[in-house]
Amino acid sequence: MESKFSKLEAEILKFWQTNKIFEKSVSKPSPKGEYVFYDGPPFATGTPHYGHIVASLMKDVVPRFWTMNGYRVERRWGWDCHGLPIENIVEKELGFKTKKEIEEFGIDKFNETCRSKVLQYASEWEKTIPRLGRWVDMTNPYKTMDLEYMESIWWVFKELWDRDLIYQDYKSMHVCPRCETTLSQQEVSEGYKDIKDLSVTAKFELVDEPGTFILAWTTTPWTLPGNVALAINGNLEYLELEIEASNVDDLSIKKGEKIIIANDTNIEIVMFGEPLRYGPSPHEGDYSWADVNFKQKGNILFKNIRIYKAKELAGKKYKPLFDDYLEKDLENKENLYTVILADFVTTNEGTGVVHIAPAFGEDDMNAGRAQKLPFIQHVRMDGHIEGVKGLDGLSVKPIDDHTATDVEVLKILGQKNLIFSNSLQKYEHSYPHCWRCDTPLINYATSSWFVKVTAIKDKALKEAKDINWSPNHLKEGRFGKWLEGARDWSISRQRFWASVMPIWICEKCGEQKVYGSVAELEKDSGKKITDLHKHFIDQVTVSCKCGGTMKRVPDVLDTWFDSGSMPYAQMHYPFANQKKFEQNFPAEFIAEGVDQTRAWFYYLHVISTAIKKKPAFKNVIVNGIVLAQDGKKMAKRLHNYPEPDLVIDQYGADAIRYYLLTSPVIAAETLNFSESGVKEALQKVVMLVGNVLSFYLMYKKSPNPTEPGKAQDVLDRWILAKLNLLNQEVTKRMQEYDLVRATRGLGDFVDELSTWYLRRSRERFKSGDEQGVEVLGFVLQEFAKIAAPFMPFITEEIYRQIGGEKESVHLETWPPVNKKLIDQKLLDEMTLTREIVERGLAARAQGGIKVRQPLAAYTTSLVKALNDELVELVKDELNIKELKFGAADNLDLTITDELKLEGLMRELVRQINQLRKEAGLTVADQIELYQQGFDELFEKFGEEIKRATLTQAVKNEKIDQMKGIAEGQIGIKKLNN
């Protein structure tokens, strides 16, 4: 149900739309030129959540501020349209489990279904985003699936290609077996989860020494059929131990067997889960395996035989755990199942021996290339095993039970007695999962196209120093560290709904050609190009000069390539808007969540460094994550958060804006969303300033308040000083892109305006202080301008009610700071004055005496003297006859008969004004007052009572509906005007 605040905002929203106020704010004179803002596009495959709201607020406040400061700020909405998020939605709807099912269904039909799902929730966004008060052009959005956008992506790709920054290579990478595609470094980083895998120490028997086994520990048993070598460290010593005795029947341990491990390994933990109990030894304290003649674990006894230098073991042959590839024709087969030396082997975990499977790990693959090892890839890209007896067709990392295939592998090894002791352990570690479908990833050797980020990394790091980050710690922290560790970027994906790689290769001679525009391809192919998606463009061939046919490589582009190309592609650069783009690059400002430090922010910077040799943006604000109030992730199924539209309906957009803008989430920290926090923002800021406006309107006389001349009243001088101090602070913080501190100052000002300035000024306004009323109107008008970017609705209402010169406060210019009015001496003295009042009120409360009861005196120790105006403020606020200055604070609690009578007068005034309020009277309404029992009071304070209650006449008569108070009764009647 809409509240009155929400209804008011809806009316203002209609006013903006009807009168095209946003459009006018963009087209109005901009003496300072363009201020460029890039808006990272969301997917419209779901409804807006609080994370989107936070980002949208940042993207609204900053452009509004710079617009008021004389800049033209275009704000064009965009839609992210490509990639796995869309594909996964379609796969679920069609019931597909594998990539093969998509191909059987038809890539053309699949892609067109994806296209139809891209904007399924666009209408929800188009309703929610404007309702927040965000101004952005959603009528002409850029879409990453549009031909013009995709053509600019081709241009970006060609620019990188021409700079020799794109290459193809065969590398070990993380792939998602379900999606059957490679993932980039950043994508992998998004999906880590703590899981328990099976670890095992396997026995590899030496060919020339039957019964002697080299032990190797692994947490990926499924890779063991792909083993081609064992790696040891050339700087380590290796120990051969003989099993003297074993009475444990269920372990693959036999008397007389020998094992080989690194001398200083932590093998006790790996094999047994706890340290061994040591037998007799000539040494005391800590010692290595070589120091011990005998070691015992349960009923197993080991005997030290000899120590090997690593080079003595290097080159030895061993028997494979799985013999499926012994008869296969493999390149470099002469080096199959050999012990090799490798520097990356350590004894931090395991046995000091690493099993090498070049198809499933970067170190393994590098070692395989360096030492000319055979290559065995017993797993397809879909994660299923082929060519291994007993394991064919099994998925190596099933999503429902990621260790199921490991168990099957170990069953086979157990039957062959190739598992050492009870080394089978659950091993907890952080493991990458697909960021979209949650499938455990696998490290897999495959071909991919890369951007050579390492070639430009030094330049990227240098250019990044010029970017201003808010909060600043991200510059050298999360973003800086990621950039320092950047690797070459895998940009090719083996999927369907995405921008395509514009590379054509001749089937006959292998000639490659990259197209950077539609016109080039149309010229070479002789075909009209109307769509650049895979199912269209794969049909386009080009004749090669050798006489062969050139076809496009089948891969599509990583969707982050779409995002990183956004500055150019949203403007169809360089095919259009060339001058406009080049005059306004890089952007002044961007904003997104903290996760984008390794994603959008990073890819924007990489591409701009590569092709423009400068950053893509100058200033960036980073928000954190919004969680439910209990600290858990917000989830519809848990019903653990209030729906954004319901919160807006109840409290209004300004309240949620202020709440979020002043919260830690704007400083890249986590926020546990609290509806009570929104309610507090409504009550303490929006409603409070609304009440001040209502009070002003009761006394308003001039249609458009102007800056007053020299203000006379001390409170007027003080509030004008506070106003200009606020303006100075907000301006400074906004120029620093510090939204939190900029916004918090607004709430502090509203509190002081209401609870000190207005409360202390009410009586003089009622008494006809026209300059005071004029000051209040001017302050409200200037506050509306300063607060407009942050709370656009209530400020519009203030501006309209006061009667501003412009059609809207959002068409105003940012007010200049009048430094002459920032009287620091007065500000300091008023701070002391308020502290004196605070202490005096505390003394009253401690003495149990209400403020309405006058007292004789209060003594303050805070200062030795105050000017007369401030003394009068303290006296009036504390309701005392005299303010004294002394060595200690003291309140005179003595109440004389005269003071008691004055206290009764004040209570009577309060009760009469309460009757006025209950009757719905305004300051324009005069009353007749009827009293009985208060003759003495009216004789002494009659004129004061009449003035304070807008009473024209007092009658000592009884009427209906009299109200009893103390020893008498009162009643009122409205006079007919």
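Quick caveat: nothing in here was measured; it's all calculated off a predicted structure. (Residues numbered from 1 in each chain as written. Predicted model: local features only at pLDDT ≥ 70, side-chain atom pairs only at ≥ 80, totals over all residues. Heavy atoms only, no water.)

Asker: Would you take a moment to explain the overall build of the chain for this structure?
Answerer: Across its full length, the chain holds 33 helices and 35 strands. Reported as C-alpha extents along the three principal axes, the dimensions of the chain are approximately 125 × 85 × 50 Å. A buried classification covers 57% of the 977 residues belonging to the chain. Long-range pairs, those at least 24 residues apart, make up 77% of the contacts in the chain between residues at least 6 apart in sequence. Accessible area of the chain: about 42,100 Å², with a carbon and sulfur share of 47%. Across the chain, the 130 positively charged side chains and the 144 negatively charged ones have centroids separated by 2 Å. (Helix = DSSP H or I, 4+ residues; strand = E, 2+ residues; numbered from the N terminus. Buried < 20%, exposed > 50% of the residue type's maximum accessible area, 1.4 Å probe, protein only. Contact = heavy atoms within 4.5 Å. Areas by Shrake-Rupley, 256 points an atom, 1.4 Å probe, with all protein chains shown as cover. Lys, Arg positive; Asp, Glu negative; His and termini not counted. Charge placed at Lys NZ, Arg CZ, Asp CG, Glu CD.)

Asker: Can you help me understand the sheet that holds strand 23 (residues 549-552) in this one?
Answerer: Pairing is antiparallel across the open sheet formed by four strands, whose spatial order is 21-20-23-22. Two strands in the sheet have a free side with no partner beyond their single neighbour: strand 21 (512-514) and strand 22 (542-543). With three bridges joining them, strand 20 (residues 503-506) and strand 21 adopt antiparallel strand pairing. Within strand 21, the residue paired with Ile503 across the bridge is Val514. Along the sheet face, helix 8 (residues 147-162) touches strand 20 and strand 21 and points at about 130° away from the line of strand 21. (Pairing = 2+ DSSP bridges. Axes fitted to C-alpha atoms, helices over the stretch in contact; angles between N-to-C directions.)

Asker: So what exactly am I meant to see when it comes to the packing of aromatic side chains here?
Answerer: Aromatic rings in a pair are described by how distant their centres are and how their planes are angled relative to each other. Considering all chains together, one arrives at 50 aromatic pairs under this definition. Ring centres of Trp161 and Trp449 lie 6.2 Å apart, and the angle between their planes is 45°; this geometry places the pair in the tilted category. Here Trp161 is found in helix 8, whereas its partner Trp449 is found in strand 16 (residues 442-451), with 288 residues between them in sequence. In this structure Trp449 comes out as buried when scored by relative accessible area, which is 3%. Centre to centre, the rings of Tyr602 and Tyr603 are 5.1 Å apart; their planes meet at 65°, and the pair counts as edge-to-face. We classify Tyr603 as buried; its relative accessible area is 1%. Positioned above the aromatic ring of Phe793, the side-chain terminus of Arg131 is 5.5 Å from the ring centre. Cation over ring: Lys328 sits above Tyr325, and NZ or CZ is 4.7 Å from the ring centre. (Phe/Tyr/Trp six-rings, centres within 6.5 Å; stacked < 30°, edge-to-face > 60°. Lys NZ or Arg CZ within 6 Å of the ring centre and 35° of its normal.)

Asker: Looking at this structure, I do not really get the sheet that holds strand 16. What am I missing?
Answerer: Sheet strands pair via backbone hydrogen bonds, and the direction of the pair is either parallel or antiparallel. The strand order 4-3-16-18 describes an open sheet built from four strands, whose pairing is antiparallel. Every other strand in the sheet has two partners, leaving strand 4 (181-182) and strand 18 (489-490) as the edge strands with one partner each. Of the pairings in the sheet, the one linking strand 3 (residues 166-176) to strand 16 comprises 10 bridges and is antiparallel in character. Counted as the bridge partner of Met173 is Tyr444 from strand 16.

Asker: Looking at this structure, I do not really get the side chain of Ser25. What am I missing?
Answerer: Examined against the element boundaries, Ser25 turns out to sit in helix 2 (residues 21-27). A polar contact is formed between the side chain of Ser25 and the backbone oxygen of Phe22, at a distance of 2.7 Å. When near neighbours in sequence (up to four residues on either side) are disregarded, Ser25 contacts Thr67, Arg75, Trp135, His810 and Leu811. (Polar contact = N/O pair within 3.5 Å; in protein donor to acceptor, adjacent residues only side chain to side chain.)

Asker: Got a minute to help me understand the pairing of strand 3 in this structure?
Answerer: Working note: regular strand, side chains alternate between the two faces of the sheet. Of the strand pairs in this sheet, strand 3 and strand 4 are connected by two bridges, and their pairing is antiparallel. Looking across to strand 4, one finds that Cys176 is bridged to Thr181. Between strand 3 and strand 4, which pair antiparallel one after the other, the connecting turn spans four residues, and Glu180 there sits at a positive phi close to 55°.

Asker: What is the right way to read the confidence of the model for the chain from this model?
Answerer: Should pLDDT be low for a region, the predicted coordinates there are not to be read in detail. The predicted model of the chain has a mean per-residue pLDDT of 89, with 94% of residues at 70 or higher. Element-level pLDDT for the chain is lowest in strand 10 (residues 277-278), with a mean of 36, against a maximum mean of 98 in helix 8. Per-residue pLDDT stays below 50 along residues 273-299; that stretch engages in 64 contacts with residues further than four places along the chain or on separate chains. (pLDDT = per-residue confidence, 0-100.)

Asker: Help me understand the packing of helix 27 (residues 739-766) against helix 31 (residues 868-878) in this model?
Answerer: What describes two packed helices is the angle between their axes and the distance between those same axes. Running from N to C, helix 27 and helix 31 cross one another at 90°; their axes reach a closest spacing of 11 Å. Between helix 27 and helix 31, the crossing angle belongs to the class labelled roughly perpendicular. Contacts between helix 27 and helix 31 involve Trp756, Arg759 and Arg760 from the first element and Leu873, Asp876 and Glu877 from the second. Taken together, the residues of the contact of helix 27 with helix 31 sort by class into two nonpolar, no polar and four charged. (Parallel < 35°, antiparallel > 145°, perpendicular 65-115°, else oblique. Nonpolar A, V, L, I, M, F, W, Y, C, P; charged D, E, K, R; others polar.)

Asker: Explanation requested: the environment of Lys884 in the structure shown.
Answerer: Within the element layout of this structure, Lys884 appears in strand 30 (residues 880-885). Separated by 25 residues in sequence, Lys884 and Thr859 have C-alpha atoms that sit 4.4 Å apart. Setting aside chain neighbours within four positions, we find Lys884 in contact with Ala857, Tyr858, Thr859 and Thr860.

Asker: Looking at this structure, I do not really get the packing of helix 4 (residues 84-94) against helix 6 (residues 107-117). What am I missing?
Answerer: One can describe the packing of helix 4 onto helix 6 by two numbers: an axis separation of 9 Å at closest approach and a directional angle of 110°. As the angle between them shows, helix 4 and helix 6 are arranged roughly perpendicular. Contact residues: Ile86, Glu87, Val90, Glu91, Glu93 and Leu94 in helix 4; Phe110, Thr113, Cys114 and Lys117 in helix 6. Within the contact of helix 4 with helix 6, the residues separate by chemical class into five nonpolar, one polar and four charged.

Asker: I would appreciate a short explanation of unusual backbone geometry in the present structure.
Answerer: The phi torsion of most residues other than glycine is negative, and most of the peptide bonds are trans. A cis amide bond, omega 0°, links Ser470 with the succeeding residue Pro471. Here Pro471 shows up in the loop between strand 17 (468-470) and helix 15 (473-476). Backbone torsion omega between Tyr573 and Pro574 reads 0°, so that peptide bond is classified as cis. Tracing the backbone shows Pro574 in the loop between helix 20 (566-569) and helix 21 (578-583).

Asker: Honestly, helix 31 in this entry has me stumped. Any pointers?
Answerer: In an α-helix there are 3.6 residues to a turn, and that puts residues three or four apart on one side. Residues of helix 31 that are buried include every one of Leu870, Val871, Leu873, Val874, Lys875, Glu877 and Leu878, and no others. Sitting at the amino-terminal end of helix 31 is Asn867, which places a side-chain oxygen 3.0 Å from the backbone nitrogen of Glu869. Immediately downstream of helix 31, the backbone of Asn879 shows phi near 55°, a positive value.

Asker: Got a minute to help me understand the side chain of Asp558 in this structure?
Answerer: Mapped onto the elements of the fold, Asp558 is located in the loop between strand 24 (556-557) and helix 19 (559-564). For Asp558, a relative accessible area of 0% puts it in the buried group. A polar contact of 3.0 Å, which involves the side chain of Asp558, links it to the side chain of Trp489. Among residues more than four places away in sequence, those in contact with Asp558 are Ser184, Glu187, Trp489, Ser490, Ile491, Arg493 and Tyr603.

Asker: Got a minute to help me understand the pattern of salt bridges in this structure?
Answerer: In a structure, side chains of opposite charge can pair up when their charged atoms sit close to one another. According to the stated counting rule, one finds 76 salt bridges in the structure shown. Among the salt bridges present, the one from Asp39 reaches Lys59, with a minimum N-O distance of 2.8 Å. Here Lys59 lies in helix 3 (residues 50-68) and Asp39 lies in the loop between helix 2 and helix 3, a separation of 20 residues in the sequence. The same class applies to Asp39 as to Lys59, namely buried. One salt bridge in this structure joins Glu408 and Lys411, with 3.3 Å as the shortest N-O distance. You can see Glu408 and its partner Lys411 sitting in helix 13 (residues 404-415), three residues apart, about one turn around the helix. Judged by its relative accessible area of 30%, Glu408 is partly exposed. (Salt bridge = Lys/Arg side-chain N within 4 Å of Asp/Glu carboxyl O.)

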